[in-house]
Amino acid sequence: MPPARKRQRTDANASSSGSKAAATAGATQPTTRRMTRAAAREEAKKLDAIETTDEVNEPKRQGSSARATNAKVKRGIRIKGRLQSLPDLAIELQLMIYNELESRDLHHLSRTCKKFRAFFLNKDLTERLWEQARKNAGDLPERPPFMSEPAFIHLLYTPNCHECGAQNVRTIIHEYFTRLCSTCYQERLVDAFMFQIAVGLCSNGSQLALFNACSTTATTQAYCLSLTAAPGSTFNYLLTKGVEDIVERIKSLPESMTSGDAKAFVEGIIQEQEFRSQFANGIRTWLDNQENMRQQQLKDAQERRFEAILARLRDAGWGPELDFLGDYGIYKMSIMPIVRQSAKLTQGSWLKVKAALDKDLNTARSERLGTELRATLRARFKLLEEALLAHYVKLPRNALMDCRPKSIDLAFTPECRALVDVPSSETVTVDDFAAIVPAISERWEANIKEQLTMHIRPHIGEVAPDIDPLSLAIAVFWCDYDASPLRWPDILAHSCANRPCVRTAYAQRKDFECDDAYTYATKAQDLYPRTITRDSEDRREKYHVPFRLSTLGPESDGEPVKRMHVIVSAAGLDPAKATIEDLERCDVWLRCSTCEQHFPLHNHKVMSWRAAFVHYHEYAISPTGVHRWYRADDDDMSRVRAFQESAPSKFASLSSSLVFSCALCSAFDSIPRDMPSHIREVHNIEDVGQALRDGTVYCHPSVSGRFHMQSIDVERRGAEEAKTQ
């Protein structure tokens, strides 16, 4: 369907004067579709003159009709560019204007229209236009003499490929003073040998020798990784733009050329290339500086935009969240694509930024509130620990006093929660907790003891009514990550570092975040805040949980009880009646006849009952999983006595995985290396060995099983002798 014809322009005021009507009649003829631009400009000039005359001759009209008429007039006039009449000025006036501009300005003007292009590319005006513009610019690199000033400025400021016109081409082939996009660059790369064949150099040995001599410089030979080259091949490629001229000059040389002339020719080519390289290096340096300046300007613009975003976020009430994110969180926000822009922050862009950051900011707010709640709970649970310490510990301290509940065990009792789960504005003291600790801790101990009894009761058989099942020597537990035997009440102090244990659990955040705020904050007391700066949702974190029995190993088959039953029997005691005190009092050390029989050449060991229990894990060689034991003889026990007497003198060399406690302090625990200095500086005790013997220093019950898990190398016995034991 052809476009509609343009409407015929009519006069808006029918009561105009005769001269006006005549002019209007001549000026408002129908505009044909084939009207040229020049005719259209003349037509517009006539209309401008008529409308100007109307504004002078006609009286001013008031009200809406006058505004409507003026609006029609304005809509009828097409506003032209502000520079449309600049080329029509006198040459001298134009030169006065242009001499205030820089080379980049002249280059941009020359690309606006044909008149400007013809004017600025006029060779007669080059010196008066471009030389002065170069002086105004001040920092331009030196122009090669073989390039015109407009061409040189075009190379510097036009980021277009000189072959295909592709945009945003910032890479310049400096030695050839041209810009090539990656496609054109690859198209103009040819293998050196194939190029020599194509141009016919291989058939003429003298010309080939001249070409190889000329093409060894860096300006004519490009070693690059071509997209079409096979990996591992020699990347000897030539850029045809540089070597085609050399080939033409070589072919134009006379056949009867002497060696001196050939040498002079090659030296001339090399000198030309070195001469060009001087200007190329200057251009490269200048462009690097310009790029650095551009990057700095972009960075400054991005920083100003980001500062404006932060200011608006604080005005919108997100200040506490920004402070909570910290420097790293602010940095992570600054590199988000919606934020990391150089454009000025407008109202529209601000709304987009705000919408993009809304989820992360709400997450940060939730984490901030959770962190503040955890900090409040940690302070109050610390007061609860102080109340528990004051209730259980009386100096001098002993291992039994360390077997007590932790704050996490009592945190969910109604009495404790009523004190802890209150607004931070309310004051909670140690005395408040001291009033409730005796009752709730006694109730908690009774509950845990009942659970442990029910846990182990099916595996120990018949027990006399007057005997506590947990006091039996065979009533032991083990942890999934600790093979040492655990007993009541030492198990209340047990903990495994960085592993799930009776009071710690590892799980994803989503597994705990479904709880209420108090429950989650209590379990996640030591959890780092999760913000947009932190790790992913799938990471497993460490949580505190009340004492639980689920990590006490595979009790379904009663394996720990079975092992202790064999050990107690080997010690000469009745497993159904012997208590742990009986086992400790008899001071029996054992040897494993099963291992001595299977490994006669290995070092044989005599072990305490705790070491014998762990021995099952280390040497599971018996098909039934049960080892045969026999008691150490007098010679073995003499070695044991000597070892026990020398052990205190080797206290400082004990493993750092052990923890020892000071009986003269209510809460000092340390590794063996630090204990001697403590008792010497605080209690004026020099002999740590004697302190260990008299109980001033004792092994903390959380690791006492490992400390007493002792074994000593003894003399080997033959397989037959071990078999008879």
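## Description of the overall build of the protein
Along the protein, the regular secondary structure elements total 30 helices and 16 strands. When burial is assessed residue by residue, the protein has 41% of its 725 residues classed as buried. In the protein, the proportion of contacts linking residues at least 24 apart, taken out of those at least 6 apart, comes to 64%. About 41200 Å² of surface is accessible on the protein, with carbon and sulfur atoms providing 52% of the total.

## Describing helix 4 (residues 91-98)
Turning to helix 4, its buried residues are Gln94, Leu95 and Tyr98. An end-on view of helix 4 places all buried positions within 100 degrees of arc, on one side of the element. In this fold, the buried residues of helix 4 make contact with helix 5 (103-110), helix 6 (114-120) and helix 7 (126-137).

## Topic: the sheet that holds strand 13 (residues 660-662)
Pairing is antiparallel across the open sheet formed by three strands, whose spatial order is 14-13-15. The open sheet terminates on both sides in strands that have one partner only, identified here as strand 14 (669-670) and strand 15 (697-699). Of the strand pairs in this sheet, strand 13 and strand 14 are connected by two bridges, and their pairing is antiparallel. When the bridges of strand 14 are listed, Phe660 appears paired with Ser670. Against the sheet, helix 27 (residues 675-683) contacts strand 13, strand 14 and strand 15, and its axis sits at roughly 5 degrees relative to strand 13.

## Digging into the packing of aromatic side chains
All told, the structure shown has twelve aromatic pairs when counted by the stated rule. Residues Phe116 and Phe120 carry aromatic rings whose centres are separated by 5.8 Å and whose planes lie at 35 degrees to one another, so their mutual orientation is tilted. A residue pair is termed a helical-turn pair when its members lie 3 or 4 positions apart in one helix, as Phe116 and Phe120 do in helix 6 at four residues. Classification of Phe116 as buried rests on a relative accessible area of 3%. On the basis of an interplanar angle of 70 degrees and a centroid distance of 6.2 Å, the ring pair of Trp478 and Phe613 is categorised as edge-to-face. Linking Trp478 in strand 6 (residues 477-479) with Phe613 in helix 25 (residues 609-618), this pair joins segments that are 135 residues apart in sequence.

## Things to note about a nonpolar patch on the surface
Side chains of Leu89, Leu93, Met96 and Ile97 sit close together on the surface and give an oily, nonpolar patch of about 360 Å² of accessible area. Position of Leu89 among the secondary structure elements: in the loop between helix 3 (64-76) and helix 4. When its relative accessible area of 36% is taken as the criterion, Leu89 is described as partly exposed.

## Brief notes about the confidence of the model for the protein
Detail in the predicted coordinates should be disregarded across regions flagged by low pLDDT. Taken over all residues, the pLDDT of the protein has a mean of 79, while the share at 70 or more is 77%. Of all secondary-structure elements in the protein, the lowest mean pLDDT belongs to helix 1 (residues 18-27), at 40, while helix 18 (residues 430-434) reaches the highest, 96. Across residues 50-69, where pLDDT falls below 50, the model places twelve contacts with residues more than four positions away in sequence or in other chains.

## Details of the packing of helix 13 (residues 259-315) against helix 14 (residues 319-334)
Here helix 13 crosses helix 14 at 160 degrees, and the two axes come no closer than 12 Å. Accordingly, the angle class assigned to the pair helix 13 and helix 14 is roughly antiparallel. For the pair helix 13 and helix 14, the sense of crossing is right-handed. Where helix 13 approaches helix 14, its residues Phe306, Leu310, Leu313 and Arg314 are matched on the opposing element by Gly319, Leu322, Asp323, Ile330, Met333 and Ser334. A breakdown of the residues in the contact of helix 13 with helix 14 according to their chemical character gives six nonpolar, two polar and two charged.

## Examining the nonpolar core
Counting residues in each nonpolar core, the largest one holds 68 residues, and the members touching the most others are Phe433, Leu452, Ile491, Met564, Ile567 and Trp629. When residues in this core are grouped by element, the largest group, eight residues, is from helix 15 (residues 347-392). Among all residues touching Ile567, those that are not within four sequence positions of it are Leu590, Trp609, Ala612, Phe613, Tyr616 and Trp629.

## Structural notes on the pattern of salt bridges
All chains considered together, the criterion is met by 24 salt bridges. Asp468 is the partner of Lys449 in a salt bridge, and the nearest nitrogen-oxygen pair spans 3.1 Å. Note that Lys449 is positioned in helix 19 (residues 437-460) and Asp468 in the loop between helix 19 and strand 6, a separation of 19 residues in sequence. Its salt-bridge partner being Arg641, residue Asp587 comes within 3.2 Å of it at the nearest N-O pair. Taken together, the residues Asp587 in the loop between helix 23 (580-586) and strand 10 (590-592) and Arg641 in helix 26 (residues 634-646) connect sequence positions 54 residues apart. What makes Asp587 partly exposed here is its relative accessible area of 30%. Residue class for Arg641 comes out partly exposed when judged on its relative accessible area of 35%. One network of salt bridges, with partners in common, ties together Glu321, Arg365, Arg368 and Glu372.

Calculation notes
Residues numbered from 1 in each chain as written. Predicted model: local features only at pLDDT ≥ 70, side-chain atom pairs only at ≥ 80, totals over all residues. Heavy atoms only, no water. Helix = DSSP H or I, 4+ residues; strand = E, 2+ residues; numbered from the N terminus. Buried < 20%, exposed > 50% of the residue type's maximum accessible area, 1.4 Å probe, protein only. Contact = heavy atoms within 4.5 Å. Areas by Shrake-Rupley, 256 points an atom, 1.4 Å probe, with all protein chains shown as cover. Arc of directions from axis to C-beta. Pairing = 2+ DSSP bridges. Axes fitted to C-alpha atoms, helices over the stretch in contact; angles between N-to-C directions. Phe/Tyr/Trp six-rings, centres within 6.5 Å; stacked < 30°, edge-to-face > 60°. Patch = residues over 30% accessible without salt bridge, like charges linked within 9 Å, V, L, I, M, F, W, Y side chains within 5 Å. Salt bridge = Lys/Arg side-chain N within 4 Å of Asp/Glu carboxyl O. pLDDT = per-residue confidence, 0-100. Parallel < 35°, antiparallel > 145°, perpendicular 65-115°, else oblique. Left-handed = near helix turned anticlockwise from the far one by under 90°. Nonpolar A, V, L, I, M, F, W, Y, C, P; charged D, E, K, R; others polar. Core = buried A, V, L, I, M, F, W, Y, C linked by side-chain atoms within 4.5 Å.

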